[in-house]
Amino acid sequence: GENVEQHPSTLSVQEGDSAVIKCTYSDSASNYFPWYKQELGKGPQLIIDIRSNVGEKKDQRIAVTLNKTAKHFSLHITETQPEDSAVYFCAARANTGGFKTIFGAGTRLFVKA
Amino acid sequence: NAGVTQTPKFRVLKTGQSMTLLCAQDMNHEYMYWYRQDPGMGLRLIHYSVGEGTTAKGEVPDGYNVSRLKKQNFLLGLESAAPSQTSVYFCASSHGDQADTQYFGPGTRLTVL
């Protein structure tokens, strides 16, 4: 089945710097890759997603890139702000194998003011 | 709109006790899901439902049962709680399949002693 690995597990950056979180997946049939942000005491919230027919997608300070050949995708946050501090999860889903969105283990991002 | 709500927010059980977690959504979503979140393991799908009256097993279904008698509600039951079921439980819903945005509830923190 699908396996999603996420790195790093913890990331600390200075306010204004960029942050990059990387994920790899194993199932070549995966075609949908969402990213979720989870703030303390809350449920995860979708911040951006990408489908396999697209290589890159951008939404203001957030961008996601996908390399299907290498089976990896990344989240890029530019001009980080303290409110970006949270846990970020990547996920992958394939059309096959039933309804299973497989999540990475998460990255705890700290943005220091 | 309240979105996705979960009750209770916290619960402590003794081994062998039973309980039901309630999830409600007011977005008229067809699909609903139950996940558990454990440290360092991301979110894992327990059970899901693609419509009123239907349920199916996810990645880690053992020890849990679910029911979807009404479209807006999705119940997760633990018949005989075990310490291994200590976790944070999240409910989610989506309009269509998992390639649609999933909206998560705030979570239920369950401790089994």
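The present account deals with the structure reproduced in this document.

Definitions and cut-offs
- The written sequence of each chain sets the order in which its residues are numbered from 1.
- Starting at A for chains and at 1 for ligands, labels are handed out in the order in which the entities are written.
- Since the coordinates come from a predicted model, pLDDT governs what is reported: local features require at least 70, and pairs of side-chain atoms require 80 or more to be given and counted, while whole-chain, interface and lining totals use all residues.
- Only hydrogens and water are set aside when side-chain values are computed; all heavy atoms of the structure are taken into account.
- Note on exposure labels: buried denotes an accessible area under 20% of the residue type's maximum, exposed denotes more than 50%, and partly exposed covers the range between, all computed with a 1.4 Å probe on protein chains only.
- Every helix listed is a DSSP run of H or I at least four residues long, and every strand listed is a run of E at least two residues long, numbered separately from the N terminus.
- Any two strands with at least two DSSP bridges between them are considered paired.
- A fitted line through C-alpha atoms represents every axis, and for helices the fit uses only the stretch in contact; the resulting angles, taken between N-to-C directions, go from 0 to 180 degrees.
- When two cysteine sulfur atoms lie within 2.5 Å, the pair is treated as a disulfide.

## So, the pairing of strand β4 (residues 31-37) of chain B
Residue and element names in this part refer to chain B. Within β4, 7 of the 7 residues are buried, which leaves it mostly tucked inside the rest of the structure. Of the two faces of β4, the one holding Tyr31, Tyr33, Tyr35 and Gln37 and the one holding Met32, Trp34 and Arg36 are both buried throughout. Bridge count between β4 and strand β9 (residues 87-94): 7 bridges; the pairing is antiparallel. Residue pairing across strands places Tyr33 opposite Ala92, the latter belonging to β9.

## What to know about the sheet that holds strand β3 (residues 19-25) of chain A
Residues and elements named next belong to chain A. As summarised here, the arrangement of the 5 strands in space is β1-β3-β8-β7-β6, forming an open sheet in which the pairing is antiparallel. Lying at the two open borders of the sheet, with one neighbouring strand each, are β1 (4-7) and β6 (56-59). Strand-to-strand twist of the sheet, defined as the mean angle between neighbouring strand axes without regard to direction, takes the value 15°. Looking at chain direction, strand β7 (residues 62-67) and strand β8 (residues 72-77) are connected through 6 bridges and run antiparallel. Bridging from a neighbouring strand, Asn67 pairs with His72 of β8.

## Some points on the state of the cysteines
Each disulfide consists of a covalent bond between the sulfur atoms of two cysteine residues. Counted according to the given criterion, the structure contains 2 disulfides over all chains. In this model, Cys23 of chain A is linked to Cys90 of chain A through a disulfide, with the two sulfur atoms separated by 2.0 Å. Negative torsions about the S-S bond denote left-handed disulfides, and the value of about -100° found for Cys23 of chain A with Cys90 of chain A makes this one left-handed. Linking Cys23 of chain A in strand β3 with Cys90 of chain A in strand β9 (residues 86-94), this pair joins segments that are 67 residues apart in sequence. As far as the burial class goes, Cys23 of chain A and Cys90 of chain A line up, both buried. Covalently, Cys23 of chain B is tied to Cys91 of chain B through a disulfide, its sulfur atoms 1.9 Å apart.

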